[in-house]
Amino acid sequence: MKIINILLLVLSTSLALVSANYNYGDALDKSLLFFEAQRSGKLLANQRVKWRGDSGLRDGFQQGVNLVGGYYDAGDHVKFGLPMAFAVTMMAWGAIDFVDEIKSSNQLGHTLEAIKWGTDYFLKAHTQANVLWGQVGDGNSDHYCWERAEDMSTSRTAYKIDAGQPGSDLAGETAAAFAAASIAFKHYDSAYSSLLLHHAKQLFTFADRFRGRYDNSIQNAKNFYASASGYSDELLWAATWLYQATGEDYYLAYVVNNGAFLGGTGWAVGEFSWDNKYAGVQILLTKVLLEGKGGKYTSTLQQYQAKAQYFACSCMQKNSGYNVPRTPGGLLYIRQWNNLQYVSSAAFLLAAYSDYLSAHNTALKCPDGQIQPEAVLQFARSQADYILGKNPKSMSYLVGYGSNYPRYVHHRGASIPSMSVHRSTVGCAGGYEDWYHRNSADPNVIYGALVGGPDKYDQYTNERDDYEQSEPTISGTAPLIGLFAKLQGHGRPAPSYQKPVPVVSYGPYGQGSTYQKATPAVRHPYVSPQQTSMVPVVFTHSITGSWKVGTRAFYRHKVVIKNTSKKHITYLKMGIENLSGELWGLTKTYQKNIYELPAWLKGLQPGSQHSFVYIQGGPQAKVRILNHR
């Protein structure tokens, strides 16, 4: 009987593991929503997080510079440049490596918008070649208040670095963000991509020539985002991304010639974060080596590769010496304060590394044995699944995902009703008295916020005042965009894309000559993986025209519906969301946002297609199948 019980336990555990099926596409969508909730400045007309309003509209004016825009860092309202730049770099990296998966999830527009909201701000902040405004807001006074961003009454002092007060870490990370974003935008807005690359090169030169820690120049940041690892890793990080963006030998030679002095070939680390970029540098340079681009630099790149292997092996408990600690539930545990931000960045890095290894049919070589790329990815998946609910508390630490998630988030905007609900101004002290200590769930669900997470024993308090566990950050959520996209698309056959067609227009992400790639015919994210074989049609979405009215750009969107099944489709009902303009080619029903094929069409024969068009400003609408026969 004891043996039978053990077998039943093993069987039930195995079935539970097999049946765990997380909707990574939904998690991806919510992660992008978090960045909309963190926006500072004048919000866009297509803003999806409706409880947020315009804020920080005079940022920088006191210093005579326009610093409106960018992202609030966490549950507060300070715009810290170093973690913000890291967040943008990580979103851009996800958009580069996993662009096909992001497209397949119909999230490319939102992803590029999220990146651009950050890079547009950095363009304003980089006012001269050797000047970068690195922070807006006083971290000390801001933390004394609990109020909505729309009611903000705290100091909005802006701080900068320059040749006399340098910050190589801040300038280097911002250069990396510009360089990575230039790659992400290259095929969609070449003019904007070139502009970003120009600023990346300038900032790298500034960072390298005038060396120093940014928190010595911006003392206010020291208590919040101290550069504990120094600036050497950011110099290598920026040069590595500039090599990725340009292919110029100068930048590859820089990381090779400075690898020992700046620690790239010497530091073996078990952390990748807004502060410590060494593991990211080492894995990106391993990719260069695996691609056969090492040439005369091969021996030094192999030293970088050895340190990349150390990081990956330590995460997977395969080092003979140091391994990253884990909780009893299997979560990487690196820091007590906001540990999940280190987990998300490590999981992203391992997912990217598994792709690089897989592309070259190479295993991860660890002291305790070789690990195949698929196993590396599966470990990254285990960390994502823990975040989404596969943990001892069965709690999703991504707010709004699933039914059991944190309801008391350490976030001012989430904890106070929106301006449309509570019209009275919430004062600095009044917010603490009336809302911070209120024993009720947040009135606003801040979707996609990755909270700090559980302690080393997998315990989570779910209390608003426990900021170590319940506060989200943009640097924590940013890596999840690429990670969730990769996991959502893993196992799908590679889609077939149309050849890019050069166009000159005001593209969706700025003015200039762009390459508008037609969206591939893919499964819509609202359809579950189990239903893929049941979907009878595919959608191909493209932009066929654009123009400007005043300062606002409008686009003509064309969607082709193709019957890929072997049966005649006589009826097709579709839901179209985020549609703000006129639509032609479908029949609107009496239900809001619901459309059908026109009656005269008499359905779609196998292999036939029908197209409809619509005109609006901003990104494309979302099309989903509601019913068919």
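Let me begin by describing the structure that accompanies this report. (Residues numbered from 1 in each chain as written. Predicted model: local features only at pLDDT ≥ 70, side-chain atom pairs only at ≥ 80, totals over all residues. Heavy atoms only, no water.)

## Looking at the sheet that holds strand E3 (residues 158–161)
Here we have three strands laid out as an open sheet, ordered E1-E2-E3, and antiparallel in their pairing. Looking at the sheet topology across the chains shown, the edges are occupied by strand E1 (79–80) and E3. As paired strands, E1 and strand E2 (residues 132–136) are joined by two bridges and run antiparallel to one another. Following the sheet pairing, Lys-79 is matched in E2 by Val-136. (Pairing = 2+ DSSP bridges. Helix = DSSP H or I, 4+ residues; strand = E, 2+ residues; numbered from the N terminus.)

## Examining the sheet that holds strand E15 (residues 622–628)
The strand order across the open sheet built from four strands is E12-E13-E10-E15, with neighbouring strands paired in antiparallel fashion. Because the sheet does not close on itself, it has two edges, and the strands there are strand E12 (587–588) and E15. Bridge count between strand E10 (residues 572–577) and E15: six bridges; the pairing is antiparallel. Looking across to E15, one finds that Glu-577 is bridged to Lys-622.

## Notes on helix H12 (residues 278–290)
Between its terminal C-alpha atoms H12 stretches 18 Å, which fits the 18 Å expected from 13 residues at 1.5 Å a residue. Most of H12 is tucked away: 13 of the 13 residues are buried. A positive phi of about 75° marks Gly-292, the residue just after H12. (Expected span 1.5 Å × (residues − 1). Buried < 20%, exposed > 50% of the residue type's maximum accessible area, 1.4 Å probe, protein only.)

## So, the pattern of salt bridges
Counted under the stated rule, the structure contains 23 salt bridges. For Asp-29, the salt bridge goes to Arg-48, with nearest N and O atoms at 3.2 Å. On the criterion of sequence distance, the pair formed by Asp-29 in helix H2 (residues 24–37) and Arg-48 in the loop between H2 and E1 is long-range, its members being 19 residues apart. The two residues Asp-29 and Arg-48 agree in class, both being buried. (Salt bridge = Lys/Arg side-chain N within 4 Å of Asp/Glu carboxyl O.)

## Topic: the nonpolar core
Nonpolar side chains tend to gather and get buried jointly when the protein is soluble and globular. Ranked by internal contacts, the top residues of the largest apolar core, which has 156 residues, are Phe-35, Trp-93, Ile-115 and Leu-364. Examining the composition of this core, we find that 13 residues originate from one element, helix H14 (residues 340–359), more than from any other. Leaving out residues up to four positions away in the same chain, Ile-115 has contacts with Val-88, Met-91, Ala-92, Ala-95, Ala-181, Ala-184 and Phe-185. In this structure, Phe-539, Ile-576, Ala-621 and Ile-625 belong to the second largest nonpolar core, which totals 18 residues. (Core = buried A, V, L, I, M, F, W, Y, C linked by side-chain atoms within 4.5 Å. Contact = heavy atoms within 4.5 Å.)

## Considering the packing of aromatic side chains
Summed over all chains, the structure comprises 27 aromatic pairs. Relative to Phe-348, the ring of Trp-93 has its centre 5.1 Å away and its plane inclined at 75°; by these criteria the two rings are edge-to-face. In this pair, Trp-93 sits in helix H3 (residues 81–97) while Phe-348 sits in helix H14, placing the two residues 255 residues apart along the sequence. Neither residue differs from the other here; Trp-93 and Phe-348 are each classed as buried. Consider the rings of Phe-122 and Phe-178, whose centres lie 6.2 Å apart with planes at 85°: the pair is edge-to-face. Residue Phe-122 is found in helix H5 (residues 108–125), and its partner Phe-178 is found in helix H7 (residues 168–185); the two are separated by 56 residues along the sequence. The class of Phe-122 is buried, set by a relative accessible area of 3%. (Phe/Tyr/Trp six-rings, centres within 6.5 Å; stacked < 30°, edge-to-face > 60°.)

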